[in-house]
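Architecture at a glance
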Amino acid sequence: MTRARTILYDCDTGIDDAITLLYLASLVRVGELELAGVGTVHGNIDPLTGALNTLRVLELAGIKTGRQGELAEQGERDGQGVPVAVGAARPMAQDVHYALDWHGRDGLGDTHLPEPAGRPVAEPAAAQIVRLARARPGELTLLATGPLSNLGLALLLDPELPSLVREVVVMGGAFDHPGNITTHAEANIWHDPEAADLVFAADWPVVLVPLDATHPAAVHDDWLDRLAAHDAAAARFAARILEFYVDAYTPTLRRRGAVIHDALAAMLAVDPDLGEYTQRAVRVELRGELTRGTTVWDARSLPAEDTRRPVRVAVGSDVPAFRERLLAAVLSL
Ligand code: BDR
Ligand code: CA
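Here the focus is the overall build of the protein. On a plain count of helices and strands, the protein comes out with 14 helices and twelve strands. Computed over its C-alpha atoms, the radius of gyration of the protein comes to 18 Å, within 12% of the 20 Å expected for a compact globule of 333 residues. Overall, the protein is about 55 × 50 × 40 Å in size when its C-alpha atoms are taken along their principal axes. Taking all 333 residues of the protein together, 59% fall into the buried category. The averaged location of the 46 negative side-chain charges in the protein is 2 Å from the averaged location of its 30 positive side-chain charges.

Quick look at the structure:
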């Protein structure tokens, strides 16, 4: 696993997705990363609202977005802007469910920001994944920080997709950590367990960043106060949306703070050396009455029986480096 150079980001923007967009934008701004496109999916909010939120954040961060009708492949490479595509509006085999208590009714902490200047492109997010992967074989890192419906659909659309993608980095799952949406399940996986299992079954390199890695990297008072002390527009926006998220997280963490899950996955895509990993085949429980949507691995010290390609699961990270780099990224905008 080496540093991602070109990311196609799939998300459900969402407060921690929005902070992640600021982080990615800061790298794009200094030429360290290319953002090939963004797709949105149901999850924290519906995917159209998620796409409009994505446009709001990219515009705030000074990133040019692609407008409808400017989808020509060459055009994107020639600086037409980052296309933002709307994706799956519901999971494959269950009802849709939004996380409004954690992210607000607008997905951005009830800040009700004005309409963005740009619009989403017409192409669905799953089709965008397939098209860009075919146009740029072996180049794209798919970073997914929402339910995996778009990635699952893309796998169904193009069975050759796994050989076209450089790497897939997913925020999701919980192994030796309680669930955050049910006793055992993490939200991104629980929102579309069938799609997640398709992603873990496919023959492509997957890095999974579960709650086991994200919770210890929570940010607290000191970090939040340093953010709030800055006056730049991006820092003020981040502090504002995080207020809602911190209020939602504080009872769980038992102190003022928040878990910015998605940003850790993005940072590990960009700098894998910040993480500690274990390699195991991963499956998703699809039938359990109490455990549907739970990620399962075989942790016994036996030779693994599972024939699936092992997933690289993050079990920890350099937490001080994560916190400092994330803060520096937001403050750089
Ligand atoms: C994940 O669920 C969503 O609420 C967050 O944006 C994050 O991607 C954490 O379980
Ligand atoms: Ca998310």
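Here the narrative resumes, following the displayed structure.
Next up on the list: the coordination of the calcium ion (ligand 2). For the calcium ion (ligand 2), the full set of protein donor atoms is Asp-12 (OD), Asp-17 (OD), Asp-17 (OD), Thr-145 (O) and Asp-262 (OD), at a range of 2.2 to 2.7 Å. Mapped onto the sequence, the residues coordinating the calcium ion (ligand 2) show the spacing D-x4-D-x127-T-x116-D. Here the residue Asp-17 occupies a position in helix α1 (residues 15-29), and Thr-145 occupies one in the loop between β4 (140-144) and α6 (149-157), the gap between them amounting to 128 residues. When sorted by exposure, Asp-17 lands in the same class as Thr-145, which is buried.

Take the confidence of the model for the protein next. Residue-level pLDDT values for the protein average 95, and 96% of them are 70 or greater. Low confidence marks residues 68-78, where pLDDT is under 50. Its contacts with residues over four positions away, or in another chain, come to 20 contacts.

Turning our eyes to something else, we now look at the pattern of salt bridges. A complete count under the given rule lists 19 salt bridges for this structure. Notably, a salt bridge pairs Glu-123 with Arg-131, separated by 2.9 Å at the nearest N-O pair. A salt bridge links Arg-300 to Asp-298; the shortest N-O distance between them is 3.0 Å. The exposure class of Asp-298 is partly exposed, given its relative accessible area of 32%. One salt-bridge network, held together by shared partners, links Glu-34, Arg-136 and Glu-139.

This brings us to the environment of Gln-80. Residue position: Gln-80 is located in helix α3 (residues 73-80). C-alpha separation for the pair Gln-80 and Gly-66, spaced 14 residues apart in sequence, amounts to 5.7 Å.

Here we take up the packing of α1 against helix α12 (residues 233-253). Relative to each other, α1 and α12 sit at 160 degrees, their axes nearing to 10 Å. Here α12 runs roughly antiparallel to α1, going by the angle between their axes. The handedness of the crossing between α1 and α12 is left-handed. Taken together, the residues of α12 that come into contact with α1 (itself represented by Ile-15, Asp-16, Ala-18, Ile-19 and Leu-22) are Ala-234, Phe-237, Ala-238, Ile-241, Leu-242, Phe-244 and Tyr-245.

About the cut-offs
- Residues numbered from 1 in each chain as written.
- Chains lettered and ligands numbered in written order.
- Predicted model: local features only at pLDDT ≥ 70, side-chain atom pairs only at ≥ 80, totals over all residues.
- Heavy atoms only, no water.
- Helix = DSSP H or I, 4+ residues; strand = E, 2+ residues; numbered from the N terminus.
- Rg over C-alpha atoms; globule rule 2.2 N^0.38 Å.
- Buried < 20%, exposed > 50% of the residue type's maximum accessible area, 1.4 Å probe, protein only.
- Lys, Arg positive; Asp, Glu negative; His and termini not counted.
- Charge placed at Lys NZ, Arg CZ, Asp CG, Glu CD.
- Donors = N, O, S within 2.8 Å, 3.2 Å for Na, K, Ca; no water.
- pLDDT = per-residue confidence, 0-100.
- Contact = heavy atoms within 4.5 Å.
- Salt bridge = Lys/Arg side-chain N within 4 Å of Asp/Glu carboxyl O.
- Axes fitted to C-alpha atoms, helices over the stretch in contact; angles between N-to-C directions.
- Parallel < 35°, antiparallel > 145°, perpendicular 65-115°, else oblique.
- Left-handed = near helix turned anticlockwise from the far one by under 90°.

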